[in-house]
Number of protein chains: 2
Amino acid sequence: MIFAGVDVGGTNIKIGLVDESGKIIISSSFKTGSERPFEEVAEDIIVNLHALCSKAEVNFKQLGGIGIGIPGTVDTAKGKVVAAANIGWYDVDIADYLSTATGLKCVVGNDANCAALGEYKYANAKGYRNIVFITLGTGIGSGIVIDGKLFSGMGSAGAEAGHLTLVYDGEPCNCGNKGCWERYASATALINQTRKAAEEAPNSILGRLVASEGKINGKTAFIAKEKGCPVASQVVEQYLQYIGAGLISLGNILHPEAFVIGGGISHEGEHIFQPIQAQLDEYLEKSGFLPRIDVVKASLGNSAGLLGAASLVMQ
Amino acid sequence: MIFAGVDVGGTNIKIGLVDESGKIIISSSFKTGSERPFEEVAEDIIVNLHALCSKAEVNFKQLGGIGIGIPGTVDTAKGKVVAAANIGWYDVDIADYLSTATGLKCVVGNDANCAALGEYKYANAKGYRNIVFITLGTGIGSGIVIDGKLFSGMGSAGAEAGHLTLVYDGEPCNCGNKGCWERYASATALINQTRKAAEEAPNSILGRLVASEGKINGKTAFIAKEKGCPVASQVVEQYLQYIGAGLISLGNILHPEAFVIGGGISHEGEHIFQPIQAQLDEYLEKSGFLPRIDVVKASLGNSAGLLGAASLVMQ
């Protein structure tokens, strides 16, 4: 049976047809146009799905269903988007709308949760029964899979690992709290930490790199560190400590078999995974008798959301 | 059907016969004597259960099973105590031992998890599908019930909310990490905070109370606060903030319907529940659209562990 996966982003919507083994048969993407009423966006989704079916010679009416990932708070049980600020959807019955319009079963979920499910089912996380998926991006997104099923708390309001407190009374966060993990361990946080270090040490390799490039991104500190810059080394080391500290905190609550890390930063590969794994191993050994938690790289990249959305409706 | 519940503590073992409705038919307790080999303790459990059956005129062989709660890390799937430092049990096949000796089904679990299950099934938490049970004692114990089932992570090594990081690089904890929640929000932490405040302000009502009583416990600060002591007020206020901050952090991960709070401190009642609930409500309202999380007092007291242990084997 073939299923449709829809990954709604602030800028683009990715859609695809996926078989039960997780193979993407065909996919495409189009602009979200989130300034429009949600019905127009929903109609675009339907039109584009029909187009994919036609190209792939799949009978639309025989699809197993449509799974949709949304960047916001979703009440999966009610098939409802509670609040998705990036696309301006509040209290939107997307699953109901699409299933009325198409006659197909529709299931909606949070995008990070969908990505977690995608990684769990089709990628690195295969073989684990319990994983926590973490994306280090603008903020920190997360998805929890327990015994092969998404767990997202009451009203799907949980699994917000980015808002674990890391520093009591620390940096203010958009969520209204202070010291949230994502203020220290997201890609945005790394960029801020890099900027601060470069400003404080303008003559360091890092300082000169930033001055010559005129911009900072998540790679800047890693590049300067590679060039032997002790200032950049310290930025990276502290940043990885922040990541590891949050994982230890999360591990004490959930103790999954693996943390699956995605987002741009994860492309730094062993430079980041080895120290984080070492920090976690050291803690678990000190605590005694606790099973190891693997720290692995997410491997589906941009397809995780789409695959996860499709697998929402397979469940 | 009648089930046996066994709540193994560092000092005493409580045992009881429980019916399916959660009524304790009969119970007793005896010294753990944890310096003995575990087999002797296990034999004591069996002898005492036979005695209870005889007194209650219940046929031992027709018991539905034995559920056992242990103060330590338990691998419930394997029926094994991984490590219980307080009673000196390491790598102990207690479920296997008891079921071989009695012919009954035996299930073993962590004691805080058993208490969580007891509260979930038989007390205040009734009606909620997802709860986090927290005891504020020497440390902070916790148990997570998701959809009516205990969740304790891989190898039952999760649900250790006491070791959530609250203060990055903060006070050292026995677990090897720094800044764990229980260093700030356990009864032990409150006692330390009370002592420090009394030493710094020996002429305050709190300082004089401590000097006259010659000892400090979890009630001292609350008593001085009642007498109008501003120093004690500040201790209590800060302490409740620490509790609330940890609950917010946990809420972001699990978003249960309720936090059920037990331990001696919970007897302070509305003095503590009202401010903590207000702190949590304020945060969830600021974040927008998030469902409320109730903060309620645990109500089974000393029986929660026994009832929960019995319900382990009913599952």
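What you see is a predicted model; the values in this text were computed from it and never measured.

About the cut-offs
- Residue numbers run consecutively from 1 along every chain, following the written order of its sequence.
- For naming, the first written chain is A and the first written ligand is 1, with later ones following in the order written.
- The model is predicted, so local features are restricted to residues of pLDDT at least 70 and side-chain atom pairs to those at 80 or more, both for listing and for counting; the totals for chains, interfaces and linings are taken over all residues.
- Side-chain measures were taken over the full set of non-hydrogen atoms in the model, leaving aside hydrogen atoms and water.
- By the convention used here, residues are in contact when the closest approach between their heavy atoms is within 4.5 Å.
- Buried surface area refers to the total accessible area, computed with a probe of radius 1.4 Å, that the two partners give up upon joining, counted for both partners together.
- Definition used for salt bridges: Asp or Glu carboxyl oxygen within 4 Å of a side-chain nitrogen of Lys or Arg.
- Pairs of N or O atoms within 3.5 Å make up the polar contacts considered here, provided that, within protein, one atom can donate a hydrogen while the other can accept it, and that residues adjacent in sequence are counted only when both atoms are side-chain atoms.
- Numbering of helices and strands runs from the N terminus, with a helix taken as a DSSP run of H or I at least four residues long and a strand as a DSSP run of E at least two residues long.
- Under the scheme applied, nonpolar residues are Ala, Val, Leu, Ile, Met, Phe, Trp, Tyr, Cys and Pro; charged residues are Asp, Glu, Lys and Arg; polar residues are all the others, including Gly.
- Only buried Ala, Val, Leu, Ile, Met, Phe, Trp, Tyr and Cys residues count toward a nonpolar core, and they belong to the same one when joined by side-chain atoms within 4.5 Å.
- For every residue, the accessible area (1.4 Å probe, protein chains only) is compared with the maximum for its type, and the residue is labelled buried under 20%, exposed over 50%, or partly exposed between those bounds.
- A fitted line through C-alpha atoms serves as each axis, taken over the contacting stretch for helices, and the angle formed by two N-to-C directions is quoted from 0 to 180°.
- Note on terminology: angles under 35 degrees are roughly parallel, angles over 145 are roughly antiparallel, angles of 65 to 115 are roughly perpendicular, and the others are oblique.
- Here the rule is simple: two strands pair whenever DSSP picks up at least two bridges between them.
- Throughout, a crossing is termed right-handed when the near helix is turned clockwise from the far one, and left-handed when it is turned anticlockwise from it by less than a right angle.
- Expected helix span is given by 1.5 Å per residue-to-residue step, counting one fewer step than there are residues.
- Overlaid copies result from least-squares superposition on C-alpha atoms, with residues included only where pLDDT is at least 70 in both.

Visitor: Help me understand the interface of chain B and chain A, please; the structure alone is not making it clear to me.
Guide: Often, the extent of an interface is quoted as the loss of accessible area on bringing the components together. Residue-level contacts link 45 residues of chain B with 45 residues of chain A. Surface buried jointly by chain B and chain A totals about 3600 Å² across both partners, of which 66% is contributed by carbon and sulfur atoms. Across the chain B-chain A interface, the total number found is zero salt bridges. Where chain B meets chain A, there are 16 residue pairs in polar contact (both at pLDDT 80 or more). Among the secondary structure elements, those contributing two or more residues to the side of chain B that touches chain A are strand S6 (80-84), strand S10 (140-146), helix H8 (230-254) and helix H9 (270-287) of chain B. At 11 residues, H8 of chain B tops the list of elements feeding residues into the side of chain B that touches chain A. Broken down by class, the residue content of the side of chain B that touches chain A amounts to 27 nonpolar, 14 polar and four charged.

Visitor: Before we go on, may I ask you to explain the pattern of salt bridges in this structure?
Guide: Taken as a whole and judged by the stated rule, the model has 17 salt bridges over all chains. Residues Asp 294 of chain A and Arg 292 of chain A are paired through a salt bridge, measuring 2.5 Å at the closest nitrogen-oxygen approach. A salt bridge links Lys 196 of chain B to Glu 200 of chain B; the shortest N-O distance between them is 3.6 Å. Remark: Glu 200 of chain B and Lys 196 of chain B occur in helix H5 (residues 187-200); sequence separation between them is four residues, near one turn of the helix. Each member of the salt-bridge network shares a partner with another, and the members are Asp 281, Arg 292 and Asp 294 of chain A.

Visitor: Honestly, the nonpolar core in this entry has me stumped. Any pointers?
Guide: The nonpolar side chains of a soluble globular protein tend to be buried with one another. By size, the foremost hydrophobic cluster in this structure holds 114 residues, and its most contacted members are Ile 134, Trp 181 and Leu 250 of chain A together with Ile 134, Trp 181 and Leu 250 of chain B. Setting aside anything within four residues of it in sequence, one finds Trp 181 of chain B in contact with Ile 134, Ile 140, Ala 161, Gly 162, Leu 164, Leu 166, Tyr 242, Ile 243, Gly 246, Leu 247 and Leu 250 of chain B. One finds Phe 30, Val 58, Ile 87 and Leu 98 of chain A within the second-largest nonpolar core, a separate group that totals 34 residues.

Visitor: Got a minute to help me understand the packing of H5 of chain B against helix H6 (residues 205-213) of chain B in this structure?
Guide: Working note: a packed helix pair is described by the angle between its axes plus the distance between those axes. Residue and element names in this part refer to chain B. Axis separation between H5 and H6 bottoms out at 8 Å; the angle between their running directions is 105°. One way to sum up the angle between H5 and H6 is to call them roughly perpendicular. The residues of H6 that touch H5, namely those facing Thr 194, Ala 197 and Ala 198, are Leu 206, Gly 207 and Val 210. Class assignment of the residues belonging to the contact of H5 with H6 gives a composition of four nonpolar, two polar and no charged.

Visitor: For this particular structure, what's the right way to read the side chain of Gln 277 of chain B?
Guide: Residues and elements named next belong to chain B. Within the secondary structure layout, Gln 277 lies in helix H9. Within the local environment of Gln 277, its side chain forms a polar contact with the backbone nitrogen of Val 295, the two atoms lying 2.8 Å apart. If we ignore the near neighbours within four places in the chain, the residues touching Gln 277 are Arg 292, Ile 293, Asp 294 and Val 295.

Visitor: Can you help me understand the sheet that holds strand S13 (residues 294-297) of chain A in this one?
Guide: For sheets, the rule is that strands pair by backbone hydrogen bonds, running either parallel or antiparallel. Residue and element names in this part refer to chain A. Here five strands make up an open sheet; going across it, the order is S11-S10-S9-S12-S13 and the pairing mixed. The sheet terminates laterally at strand S11 (149-151) and S13, the two strands that pair on one side only. This sheet shows a mean twist of 30° between the axes of neighbouring strands, independent of strand direction. Bridging between strand S12 (residues 258-262) and S13 involves four bridges; their strand directions are parallel. Of the residues in S13, the one forming a bridge with Ala 258 is Asp 294. Sitting on the sheet, helix H8 (residues 230-254) is in contact with strand S9 (131-136), strand S10 (140-146) and S12, with an inclination near 155° to S9.

Visitor: Where do I start with the side chain of Asn 110 of chain A in this structure?
Guide: Residues and elements named next belong to chain A. Locating Asn 110 in the fold gives a position in strand S8 (residues 106-110). A distance of 3.0 Å separates a polar atom in the side chain of Asn 110 from the backbone nitrogen of Asn 113. The contact partners of Asn 110, leaving out residues within four places of it in the chain, are Ile 70, Gly 72 and Val 74.

Visitor: So what exactly am I meant to see when it comes to the packing of helix H1 (residues 38-56) of chain A against helix H2 (residues 94-102) of chain A here?
Guide: Residues and elements named next belong to chain A. With their axes 11 Å apart at the nearest point, H1 and H2 run at an angle of 50° to one another. Looking at the two axes, H1 sits oblique to H2. Judged by the twist between their axes, the crossing of H1 over H2 is right-handed. Contacts between H1 and H2 pair Phe 38, Glu 39, Ala 42, Glu 43 and Ile 46 from the former with Ile 94, Tyr 97, Leu 98, Ala 101 and Thr 102 from the latter. Tallied by class, the residues present in the contact of H1 with H2 amount to seven nonpolar, one polar and two charged.

Visitor: Is there a simple way to explain the environment of Gly 9 of chain A in this structure?
Guide: All names here are of chain A. Relative to the helices and strands, Gly 9 is located in the loop between strand S1 (2-8) and strand S2 (12-19). Spatially, the C-alpha atom of Gly 9 lies 7.0 Å from that of Ile 70, the residues being 61 residues apart in sequence. Apart from the residues lying within four places of it in its own chain, the contact partners of Gly 9 are Thr 32 and Ile 87.

Visitor: Please clarify how helix H9 (residues 270-287) of chain A should be interpreted in this entry.
Guide: A turn of α-helix holds 3.6 residues, and therefore any two residues three or four places apart point the same way. Residues and elements named next belong to chain A. With 18 residues, H9 ought to run about 26 Å at 1.5 Å a step, and its terminal C-alpha atoms sit 25 Å apart, in line with that. Among all positions in H9, only Ile 272, Phe 273, Ile 276, Gln 277, Gln 279, Leu 280, Asp 281, Tyr 283 and Leu 284 are buried. Taken together, the buried residues of H9 touch helix H7 (220-226), H8, S12 and S13.

Visitor: I would appreciate a short explanation of the relation of the copies chain B and chain A in the present structure.
Guide: Between the two copies of the chain lies a relationship made up of a rotation around an axis and a movement along it. Least-squares fitting of chain B to chain A yields an RMSD of 0.1 Å, with the superposition described by an axial translation of 0.0 Å and a rotation of 180°. In symmetry terms, the pair is related by a two-fold rotation axis. The rotation axis passes nearest to the C-alpha of Val 167 of chain B in chain B, at a distance of 2.5 Å. Taken together, the interface assignments show that 100% of the residues at the interface of chain B recur at the interface of chain A, consistent with an identical surface on both copies.

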